[in-house]
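Okay, here's what each chain looks like letter by letter:
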Amino acid sequence: MLKGILLSALLLAVPACATQDAQIGTPPDLPGKVVIIGDSISLGYGAMGANTDCPLTPEFNSISHSYGVQIAEALGADYVMFASPGIGLVRNYGDDQTNTMSMRMKRRDQIERLDSTGPVQLVLINLGTHDFYKNDPSDQFIPAMENLLSQMSTLYPDATIYALTGPMLGGNDRIFHAHAVETAVDAVNAEKGTAIRYLALNGGDRSIALGCGWHPSVPAHEHMAEMILDDLRAHNQ
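Residues numbered from 1 in each chain as written. Predicted model: local features only at pLDDT ≥ 70, side-chain atom pairs only at ≥ 80, totals over all residues. Heavy atoms only, no water.

A. Structural view of the side chain of His215. With respect to the element layout, His215 can be found in the loop between β5 (197–200) and α9 (218–234). Aside from chain neighbours lying at most four places away, what touches His215 is Ser40, Ile41, Tyr45, Gly46, Leu56, Met168, Ala209 and Leu210. (Helix = DSSP H or I, 4+ residues; strand = E, 2+ residues; numbered from the N terminus. Contact = heavy atoms within 4.5 Å.)

B. Inspection of the state of the cysteines at higher detail. Under the definition given, this model contains 1 disulfide. A sulfur-sulfur distance of 1.9 Å marks the disulfide that ties Cys54 to Cys212. Disulfide Cys54-Cys212: torsion about the S-S bond near -100°, hence left-handed. You can see Cys54 sitting in the loop between β1 (33–38) and α3 (67–75) and its partner Cys212 sitting in the loop between β5 and α9, a full 158 residues away along the chain. (Disulfide = S-S within 2.5 Å.)

C. Summary view of the sheet that holds strand β3 (residues 120–126). Taken in spatial order, the 5 strands make up an open sheet running β2-β1-β3-β4-β5, and their pairing is parallel. Both outer strands of the open sheet, β2 (79–83) and β5, are each paired with one neighbouring strand and no more. When the angles between neighbouring strand axes are averaged without regard to direction, this sheet yields 20°. Bridge analysis of β1 against β3 gives 6 bridges, and the strand direction is parallel. The residue of β3 that forms the bridge with Ile37 is Ile125. α3 rests against β1, β2, β3 and β4 (160–165) of the sheet, and its axis sits at about 165° to β3. (Pairing = 2+ DSSP bridges. Axes fitted to C-alpha atoms, helices over the stretch in contact; angles between N-to-C directions.)

D. How the structure looks around the pairing of β1. Taken across its 6 residues, β1 has 5 buried, putting it largely inside the fold. Pairing of β1 with β2, which is carried by 5 bridges, proceeds in the parallel orientation. In the strand pairing of β2, Val35 is matched with Val80. (Buried < 20%, exposed > 50% of the residue type's maximum accessible area, 1.4 Å probe, protein only.)

E. Seen up close, the environment of Thr52. Among the secondary structure elements, Thr52 is positioned in the loop between β1 and α3. In sequence terms Thr52 and Leu210 are 158 residues apart; their C-alpha atoms lie 6.2 Å from each other. In contact with Thr52, not counting residues within four places along its chain, are Leu210, Gly211, Cys212, Gly213 and Trp214.

F. View of the pattern of salt bridges. Tallied over the full model, the rule gives 5 salt bridges. A salt bridge links Asp95 to Arg91; the shortest N-O distance between them is 2.8 Å. Between Asp231 and Arg197 there is a salt bridge; the shortest N-O distance is 3.6 Å. Here Asp231 is found in helix α9, whereas its partner Arg197 is found in strand β5, with 34 residues between them in sequence. For Arg197, a relative accessible area of 17% corresponds to the buried category. Counted as one network, the salt bridges with shared partners bring together Glu226, Asp230 and Arg233. (Salt bridge = Lys/Arg side-chain N within 4 Å of Asp/Glu carboxyl O.)

G. Local environment of the environment of Arg174. Counting through the fold element by element, Arg174 comes out in helix α8 (residues 171–192). Arg174 sits 46 residues away from Gly128 along the chain, and the two C-alpha atoms are 9.5 Å apart.

H. How the structure looks around the environment of Tyr45. Take Tyr45: it is sitting in the loop between β1 and α3. A C-alpha to C-alpha distance of 6.8 Å links Tyr45 and His215, two positions 170 residues apart in sequence. Tyr45 has contacts with Ser40, Leu56, Phe60, Asn61, Pro85, His215 and Pro216, leaving out every residue within four places of it along the chain.

I. Expanded view of the nonpolar core. In this structure, Ile37, Leu89, Val123, Ile125, Leu148, Leu149 and Met152 are the most contacted members of the largest nonpolar core, which totals 33 residues. Only β1, β2, β3, α7 (138–155), β4 and α8 provide two or more residues apiece to this core. No other element matches the 7 residues that α7 contributes to this core. What Ile37 contacts, discounting residues up to four positions off in sequence, is Ser42, Phe82, Met101, Met105, Val123, Leu124, Ile125, Asn126, Leu127, Leu148 and Met152. Grouped together as the second largest cluster of nonpolar side chains are 24 residues, Met81, Met224, Met227 and Leu229 included. (Core = buried A, V, L, I, M, F, W, Y, C linked by side-chain atoms within 4.5 Å.)

Written as structure tokens, this is what we have:
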């Protein structure tokens, strides 16, 4: 009952800019948790800041306002977070290539945690901001992303899986990142017959989209969550 109320309220809250088709559907009513894999963006770092000048300190961070947690709440689901500030898939902040997410996801403790997480209805992967900042590691990133997507689709065959980009990169960094993620998604879908979705996120209204250290603000996280929920509705008609 509570979940039905949440979904009804969610549909009433669809913004005017959403397409008519997106308003017709509803997010899939499936059991299971939401798995979130990412970096400081997914953790809501800097979200409470009024501008870009504030530091990424605890009082300005808010995991409860992050896009992934907002989606879990909208679906009436629990979430499990696999995220760390500064982490990349193959290259961390500052060109550090140790203990990357691709390495972590092969560790026994993380594999056991993944195995014990189910059932899972939704997987949100947003990695690459640190990998592609002033860099193009596509040759290493694409196969690593393919491996991660394959791992998630094998572990959670009934889950909807999103490979996300954005919203912090710009210029060629954003272009290279988007191309690498899309390439990995297409390769895994072609090989395994999966339906993994690629979605490029943005922070919405630029005047209110930036928090501390150029991280997405609370309004930006709300916008990103709505982008994903709109896509879920559109695919659930």
